[in-house]
Amino acid sequence: MTNNFLNQNIAQAAQLLEKGNIERALGIFKVLSTKYPNNSQVFHLKAYAHVQSNDLHLSINSFEKALEISPYDCDITLDYCNFLNTIGKKKNALNKLEKIIKVKQEDFRIFFLKGCIEMNLHLYDKAICSFKKVLELNYNHQDASFNLGVIYFETNNFKIAEEIFTTHIKTFGNDYEAEKYLFQIYLLDNKYEKANELSL
């Protein structure tokens, strides 16, 4: 009965959020968080509702409460770290990702988000390690492959970048953005015939 009550109310609140009825959804989450103070899902979804209402402070409070209950929940951590990254708290996000990596080393999503934040902060060596780990865990992760090529290009390692983008296109098919980088590399390396082939 308890689970039915909880699940029905969570489903109702989720529907309200989808329809833009944020205040009504928050009203439900307020009741649920009082009735189920140790349920991380309630606080996770409550945090999402606060994000929708642009209340950063209450969003953070709810995410923190959710992680206090379930400190190694990947979905909560990823959502929270994405949120922290979005509001400019990138180093806080990295700290939380480093913490969960110690016990969740098999989830490529953690390493991908970590790599993206590191790349954004120009921590290129760390980002390379993160994206390589993603590809080790999930060899056909297209975005990790592309990002690796971009990092090597941005750090003037054009030979490695060329190899990565060439493999990327062979593996995933035509990719306009990858081809643009290859085109630039060919021009820089005076490989005009190859550049011309790409432009055809």
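Residues numbered from 1 in each chain as written. Predicted model: local features only at pLDDT ≥ 70, side-chain atom pairs only at ≥ 80, totals over all residues. Heavy atoms only, no water.

Here we look at the overall build of the protein
Quick note on the threshold: A helix here means a DSSP run of H or I that spans at least four residues, while a strand means a run of E at least two residues long, and both kinds are numbered starting from the N terminus. Within these notes, the globule rule equals 2.2 Å times the number of residues to the 0.38 power, and the radius of gyration is based on C-alpha atoms. To sort residues, take the accessible area from a 1.4 Å probe on protein chains only and compare it with the maximum for the residue type: under 20% means buried, over 50% means exposed, and anything in between is partly exposed.
What the protein contains, in helices and strands, is twelve helices and zero strands. Listed by position from the N terminus, the elements making up the protein come as α-α-α-α-α-α-α-α-α-α-α-α. What you see for the protein is a C-alpha radius of gyration of 22 Å, clearly larger than the 16 Å of a compact globule of 200 residues, by over 25%. Summarising its shape, the C-alpha atoms of the protein cover approximately 70 × 35 × 30 Å along the three principal directions. Out of the 200 residues in the protein, the part that is buried amounts to 42%.

What to know about the environment of Ile117
Within the secondary structure, Ile117 is located in helix 7 (residues 108–120). Sequence separation between Ile117 and Tyr48 is 69 residues; the distance between their C-alpha atoms is 21 Å.

Observations concerning the pattern of salt bridges
So the rule is basically this: Any Lys or Arg side-chain nitrogen located within 4 Å of an Asp or Glu carboxyl oxygen qualifies as a salt bridge.
Following the criterion strictly, the structure yields eleven salt bridges and no others. Its salt-bridge partner being Lys114, residue Glu98 comes within 3.7 Å of it at the nearest N-O pair. One end of the pair, Glu98, is in helix 6 (residues 90–101); the other, Lys114, is in helix 7, and 16 residues separate them in sequence. Between Glu177 and Lys180 there is a salt bridge; the shortest N-O distance is 3.6 Å. One end of the pair, Glu177, and the other, Lys180, are both in helix 11 (residues 176–188), three residues apart, so they sit about a helical turn from each other. Using a relative accessible area of 36% as the deciding quantity, one classes Glu177 as partly exposed.

Quick look at helix 10 (residues 158–172)
The following threshold applies: Multiplying one less than the number of residues by 1.5 Å gives the expected span of a helix.
Look at helix 10: 20 Å from first C-alpha to last across 15 residues, which is about the 21 Å you get at 1.5 Å a residue. Within helix 10 the residues assigned to the buried category are Ala161, Glu162, Ile164, Phe165, His168 and Ile169. Gly173, located one to two residues past helix 10, shows a positive phi value of around 90°.

Re the packing of helix 3 (residues 40–52) against helix 5 (residues 74–86)
Our working definition: The angle between two axes is taken between their N-to-C directions and runs from 0 to 180 degrees, where each axis is a line fitted to C-alpha atoms and a helix contributes only its stretch in contact. Each angle gets one of four labels, with under 35 degrees taken as roughly parallel, over 145 as roughly antiparallel, 65 to 115 as roughly perpendicular, and the rest as oblique. By definition, turning the near helix anticlockwise from the far helix through less than a right angle yields a left-handed crossing, and turning it clockwise yields a right-handed one. Whether two residues are in contact is decided by their heavy atoms, any of which lying within 4.5 Å being enough. We call Asp, Glu, Lys and Arg charged. Ala, Val, Leu, Ile, Met, Phe, Trp, Tyr, Cys and Pro are nonpolar, and the rest, Gly among them, are polar.
The geometry of helix 3 relative to helix 5 is characterised by a closest axis approach of 11 Å and an angle of 20° between their N-to-C directions. The angle between helix 3 and helix 5 falls in the class roughly parallel. Once helix 3 is placed against helix 5, the crossing between them reads as left-handed. Contacts between helix 3 and helix 5 involve Ser40, His44 and Val51 from the former and Asp75, Ile76, Asp79 and Phe83 from the latter. Looking at the contact of helix 3 with helix 5, its residues break down into three nonpolar, two polar and two charged.

Describing helix 7
If you check helix 7, its first and last C-alpha atoms are 18 Å apart, about what 13 residues at 1.5 Å a residue would give, namely 18 Å. Buried-residue contacts for helix 7 involve helix 5, helix 6, helix 8 (124–137) and helix 9 (142–154). Once helix 7 finishes, His122 follows within two positions and takes phi at roughly 65°, a positive value.

Some thoughts on the nonpolar core
To keep things clear, this is the line we draw: Here, the term nonpolar core denotes a set of buried Ala, Val, Leu, Ile, Met, Phe, Trp, Tyr and Cys residues that are joined through side-chain atoms within 4.5 Å.
Core analysis: the biggest nonpolar cluster contains 45 residues, and Leu97, Ile110, Met119, Phe131, Ile151 and Phe165 have the highest contact counts within it. Apart from residues lying up to four places away in sequence, Leu97 is in contact with Thr77, Leu78, Cys81, Ile110, Leu113, Lys114 and Ile117. By size, the runner-up hydrophobic cluster in this structure holds 14 residues, among which are Leu16, Ala25, Tyr36 and Ala49.

Considerations on the confidence of the model for the protein
Segments scoring low in pLDDT should not have their predicted coordinates read at a detailed level. Selection rule: Confidence of the predictor in every single residue is expressed as pLDDT, which spans 0 to 100.
Scored by pLDDT, the protein comes out at a mean of 93, with 98% of its residues at no less than 70. The least confident element of the protein is helix 12 (residues 192–199), whose mean pLDDT is 82; the most confident is helix 7, at 98.

Observations concerning unusual backbone geometry
With phi around 65°, Asn156 is a residue other than glycine that occupies positive phi space. Tracing the sequence through the fold places Asn156 in the loop between helix 9 and helix 10.

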